[in-house]
Amino acid sequence: MTEHYLKAIILDRSSWGNQDVLLTLYTKELGKIRASSKSMRKITSKLSGQLPIGSLATVRLVDNGYLRLVDALKEEQFDLTDDTIKHLYFLDEVIPFNQPDRDLWYTIYEILRSGVITPRIYGHLLGLMGFIPQEGQLICQGCRANKVVYFDPRDIMFLCTNCSERGISDIEKYIKISD
Ligand SMILES: [Zn+2]
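Quick caveat, the model's predicted, so the values are computed rather than measured. (Residues numbered from 1 in each chain as written. Predicted model: local features only at pLDDT ≥ 70, side-chain atom pairs only at ≥ 80, totals over all residues. Heavy atoms only, no water.)

K.L.:
In this structure, what is going on with the nonpolar core? I would like to understand it.
P.N.:
A general tendency of soluble globular proteins is for nonpolar side chains to be buried together. With 28 residues, the main nonpolar core has Ile9, Tyr26, Phe90, Ile108, Phe151 and Ile177 as its most contacted residues. Breaking this core down by element, the ones donating at least two residues are strand 1 (2-16), helix 1 (82-94), helix 2 (102-114) and helix 3 (119-128). Ranked by residue count, the leading element in this core is helix 2, at 6 residues. Shared between two domains, this core takes at least three residues from each, and those domains are domain 1 (1-117) and domain 2 (134-179). (Core = buried A, V, L, I, M, F, W, Y, C linked by side-chain atoms within 4.5 Å. Buried < 20%, exposed > 50% of the residue type's maximum accessible area, 1.4 Å probe, protein only. Helix = DSSP H or I, 4+ residues; strand = E, 2+ residues; numbered from the N terminus. Domains from an automatic or database assignment.)

What follows is the structure, given as structure tokens:
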């Protein structure tokens, strides 16, 4: 049994079973991870208030083959604007599990703190994460036009404006990565 004591950005939380909560955390040391917490949904749970989406918390995790959160202390709450909420959704979809990357962690922390999340910043992050090739031009995966404007984080697809408007999923889920 190992114990971890880490700073984590809370990307997502969802209910799991009757009482448990499943958290998606982004940490410097372990990368993106999932951890469960027992009884967090009880109204009286002290832990629950320490772990809202879009906050930075110090967490204590016990590793028994799966990660269980046993304690947490909220350190910072990022402003939850529409832009920040969309950014958390993007990170939750795109960051790979269990691949720590300190530079990327600090970059994301600074972006969330500033609350300034422009199409250029999304383009930059996708480059850092290796989704955008260093050489050659990005092309729309719908029509092969070379004017890519949107990124679909669920399908990892780059799209032009026309194809994004024709998309099967709603445009709210697309990320604008260029003007
Ligand atoms: Zn297209």
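K.L.:
Teacher, can you tell me more about the coordination of the zinc ion here?
P.N.:
Octahedral metals with six donors have ideal donor angles of 90 or 180 degrees. Tetrahedral metals with four donors have an ideal donor angle of 109.5 degrees. Protein ligation of the zinc ion involves Cys140 (SG), Cys143 (SG), Cys160 (SG) and Cys163 (SG), the donor distances falling in the range 2.3 to 2.4 Å. One can describe the donor arrangement at the zinc ion as tetrahedral, given that its 4 donor atoms subtend angles of 104 to 114° at the metal. (Donors = N, O, S within 2.8 Å, 3.2 Å for Na, K, Ca; no water. Tetrahedral: all angles 85-135°; square planar, octahedral: opposite > 155°, others 65-115°.)

K.L.:
What should I look at first to understand helix 1 in this one?
P.N.:
Every α-helical turn comprises 3.6 residues, leaving residues that sit three or four positions apart pointing alike. Counted at 1.5 Å a residue, the expected span for helix 1 with its 13 residues is 18 Å, and the 18 Å between its end C-alpha atoms agrees. The set of residues buried in helix 1 consists of Thr84, His87, Leu88, Tyr89, Phe90, Leu91, Asp92 and Val94. (Expected span 1.5 Å × (residues − 1).)

K.L.:
Hey, could you run me through the pairing of strand 5 (residues 67-77) in this one?
P.N.:
On a regular strand, each side chain points to the face opposite its neighbour's, so the side chains alternate between the two faces of the sheet. Bridge count between strand 4 (residues 55-63) and strand 5: 9 bridges; the pairing is antiparallel. In the strand pairing of strand 5, Asp63 is matched with Leu67. Connecting the antiparallel pair strand 4 and strand 5 is a turn made up of 3 residues, with Gly65 showing a positive phi of about 95°. (Pairing = 2+ DSSP bridges.)

K.L.:
Sorry, what's going on with the sheet that holds strand 6 (residues 150-152) here?
P.N.:
By definition, the strands of a sheet pair up through backbone hydrogen bonds, in either a parallel or an antiparallel sense. Strand order in the open sheet formed by 3 strands is 7-6-8, with antiparallel pairing between adjacent strands. Where the open sheet ends on each side, the last strands, each with one partner, are strand 7 (157-159) and strand 8 (175-176).

K.L.:
Mind showing me how you'd approach the environment of Lys46 here?
P.N.:
Relative to the assigned elements, Lys46 resides in the loop between strand 3 (31-37) and strand 4. Using a relative accessible area of 65% as the deciding quantity, one classes Lys46 as exposed. Separated by 27 residues in the primary sequence, Lys46 and Leu73 place their C-alpha atoms 9.8 Å from one another.

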